[in-house]
Each structure stands twice: as structure tokens, then as C-alpha cells.
Amino acid sequence: MKIKEVLPEQWGLLYAAFAFSQGIGLLSYWALPLVAGSLVTGLGLSATEVGMIGTIEGSGLFISSLLLANFVDRGYRKRVAIISVAVVVIANLLCGIVNMELIPLAIMRFITGLGAGLALAVGNATIANARDTEKFSGHLTVMVVLFMVVIMPALSRISEASGYQGVFLGLAATVLIGAISIIFLPDGPDSSLVHDGEVDSRPATSLLSGLSIAVLLIMLMFGARGTLPWLVAEQLGTDAGMSLPEIGNLFSVMYAVSTLGPISLLFIARVAGVRAILFWSLAVAGFFNWLFTVSAGNAVQFSVGIVAWATFFFIAFAQVNAIAAQLDRTGRLASAVGSAFIGGITIAPFIGGSLVDAGGYTWLGSAEIALTVLIAIVVLFGIPRHIKKTG
């Protein structure tokens, strides 16, 4: 294989899809451990209260992204993108400037979620504009992890110096940088790729088809499982005797190493079937998910577990997005998959916080094992071995 074959072909489109789906739409999720940790330290909130705030913000994300998912093929993505940036930036600025109690902060995070959900729907739909969705999703995921290599240590240092308000201001600045990509954002689907999909006459273009529902269920449970320990990752690191800068540096190492996941997917996809890649990446990620959750103050187990988890997490994340974009070239399913992921993120923080308060990290690990089993069942019985490519 030549190096040229694995490099991106549509750089502008890739930048726009990454910025809006991940750098704006899912920014609060990627930064969740630092946001949660800073709120616990700065406001003295419990795990349940922080989980409630995360669930409320996730609800806003879920509602707006789901409502927009069935309309992203209408040709006004740029206008929606501008609205999303304005809402997210203003809400984060207010959270960073104004001293707020629990309820006002939760309301403002809900508004932040509404704006971010619009960005997520637009960004995910853009993946379906790629000529090779599997390759494109792999590149997009590489950009995510490289982005986090930079942003996580920066936010951890901001958190230590300025607390939760500094973190929110940092998020606002990050969104403004990502908004530059709007010049590369297409207003709607690529008509030539949509036509190719229609010629193939695949039944899964409907959001209510069996295959589409299976993909959505997988992403819902995948999002929930990953969020359960991610919410308390900073606390797990602290319990293992690590300082905030050390945890931030570990997250940077985690993301740097995890680039191997989506990069390896570019090669594995040439020799392995869709279902095999999805099953093993989800199963192995689930094991390491559980391993670092029950690390019980063991710094080595926590560090190895979280780095390995992230590597396989991003293989699965890229693969599900690629499948959704390939099945429906209008971008509706890809957008709905983003909503499903947010649905998992939405329900997980409150449940995870409650489990930790009630029974500790052992209960949290048990919930992750149960979700891994359910995900495996849906993959084995709901996803075909291969999916025909178009474009």
C-alpha cells in the first residue's frame, strides 16, 4: 500500500466535519473529566450533582441533534452551524464569567447542549459527503485524538489555575477556533453520492429499517458505556495518587497512543469484514473500560487501562460512523447516530454518579460489563459481515 492511499483526499471537508461534529458538538464530552473534576473542586458538588449537570447538558445535545437529524439534507447546514457556534460560545462565556449556583449553571449547560447538538448533527451529516466514508471516518478520528493531545493538558492547567470558570472560558475559545472551518462546510448532501446509493437500492436508508436501528442501538449503548467511567476519570486518577497536571499529561499520552486505533483501521478495513472489526473493537474496549474503572488506586492499572481503552474506543467510534454514512448518503443516519451517541452520554452521568455514590466503582464496572454483553449481541445479530461501498 502506498502512503498516498492512506492520506486524506478532501482536507477542507475533513476539517469542517471534525470541527463541528467533535471540536464543537462533542467538545464538552471529550473534556468531561476535567469539567466534572473542576466542578467538584470549585463548587463542592457531589458525583450525583455533577452527573445531573452532565445529564442535563446531554439532554440539550440529544434533543437538538435528534430534531435536526431528519432535516440535514435540506440544504441549510451553514446557517445552522452559525447559530450553533453563537449559542455555544455565549453560553460558555456566561458560565465562565458569572458566578452561578447549581440550578442556574445546569440551565446554562442545557442551553450549551442545545447549541452543541446542532453542530453535532451538521458535522456528522458531513461525513456522508465523503467519497470513501470508512477512510474519511478514520482520518476524522485521528484528528480528534491529535486535537485532544493538545487540548487536554491545556485545560488541565487552566483548571488548576482558574478553576471551573477558566475551563468554560477555554471551551469558548476552542469553539471559536473550530468555527473557522465553516468556509469548508457543504450546505447539503453530495447529489452524485446520493444518486449512487439510490441506484444500489439498499433498504437501510430509512431510519426505521432493522439495520439502521441496530446501528443506533449500538451507538447509544457505546456512548453510555464509555461515559460511565469517563465522568469520574479525574477522580480515579486522583485516587491513584496523581496530580491534575499528571492526569492531564496522561490524557495527552492516552490520545497520542490512541491515534494508532483509527490509523490501524485504515489498513484492517482492507482485509477484515465490517462486523468483525466492530465486534472485536467494541469487546476489547469494553474490557479495558472495566479494567481502569476498578483500578482501586493502582496507578499502573489505571494508566494502562485508560490508554488501551481509548485506542480501541476510537476504532469502534470511527467504524460506527463510517457504517452510518455509507448506509445513507443523505447524512440523516450519520446525524442520527450522533444523536444516539449523545443519548448514551445523556443517561450515563446521572446513572454513573448514582452508582458510584451507592456502591462505588465496583457497581460502575458491573454496569459496563452488562452493556458490553448487550452491545455484542446486537452486533452479532444486527450487523452484516460486509456492506457494499458507493462513491
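It should be emphasised that the depicted structure is a prediction, and the values quoted were computed from it without experimental measurement.

**A word on the side chain of Glu368**
Consideration 1: Among the structural elements, Glu368 can be located in helix H15 (residues 332–382).
Consideration 2: Although Glu368 is buried, it forms no salt bridge, and the closest oppositely charged side chain is Arg225 at an N-O distance of 7.0 Å.
Consideration 3: Here the side chain of Glu368 touches Trp290 through a polar contact of 3.4 Å, landing on its backbone nitrogen.
Consideration 4: Within the structure, the side chain of Glu368 is placed 2.9 Å from the side chain of Thr293, a separation counted as a polar contact.

**Re empty space enclosed by the protein**
Consideration 1: Counting across every chain of the model gives seven cavities of 30 Å³ or more.
Consideration 2: The computed volume of the largest cavity comes to approximately 190 Å³.
Consideration 3: Ser28, Leu32, Ile53, Gly54 and Glu57 are, among the 17 residues lining the largest cavity, the residues nearest its centre.
Consideration 4: Those elements that provide at least two residues to the lining of the largest cavity are helix H2 (27–30), helix H3 (32–43), helix H4 (47–69) and H15.
Consideration 5: At six residues, the largest contribution of residues to the lining of the largest cavity is made by H4.
Consideration 6: Among the residues forming the lining of the largest cavity, the class breakdown is twelve nonpolar, three polar and two charged.
Consideration 7: Counted as a void, the second largest cavity has a volume near 80 Å³.
Consideration 8: If you trace the second largest cavity, you find it lined by Pro8, Glu9, Gln10, Leu14, Asp132, Lys135, Phe136 and His139.

Conventions used here
Residue positions are given per chain, counting from 1 as you read along its sequence in written order. The predicted nature of this model means local features are confined to residues of pLDDT at least 70 and side-chain atom pairs, given and counted, to a pLDDT of 80 or more, with totals for whole chains, interfaces and linings taken over all residues. Working from all heavy atoms in the structure, the side-chain values ignore hydrogens and water. Secondary structure elements follow DSSP: runs of H or I of four or more residues count as helices, runs of E of two or more count as strands, with numbering from the N terminus. Residue exposure (1.4 Å probe, protein chains only): buried if accessible area is under 20% of the type maximum, exposed if over 50%, otherwise partly exposed. This count recognises Lys and Arg as positive and Asp and Glu as negative, with His and chain-terminal groups excluded. By definition here, a salt bridge exists when the distance from a side-chain nitrogen of Lys or Arg to a carboxyl oxygen of Asp or Glu is within 4 Å. Think of a polar contact as two N or O atoms within 3.5 Å of one another; within protein, one of them needs to be a possible hydrogen donor and the other a possible acceptor, and neighboring residues in sequence only count if both atoms come from side chains. Grid points spaced at 1 Å and placed over the protein atoms alone form the basis of the search, with a cavity being a set where a 1.4 Å probe fits but cannot get out and a pocket an open set showing protein on both sides within 12 Å along at least five of seven lines. Lining residues have an atom within 4 Å of a point. Grid points are joined across faces, edges and corners, and a volume is the space filled by probe spheres set on the points. The residue classification treats Ala, Val, Leu, Ile, Met, Phe, Trp, Tyr, Cys and Pro as nonpolar and Asp, Glu, Lys and Arg as charged. All others, Gly included, are polar.

Honestly, that's just the spatial picture; any functional story needs more than this.
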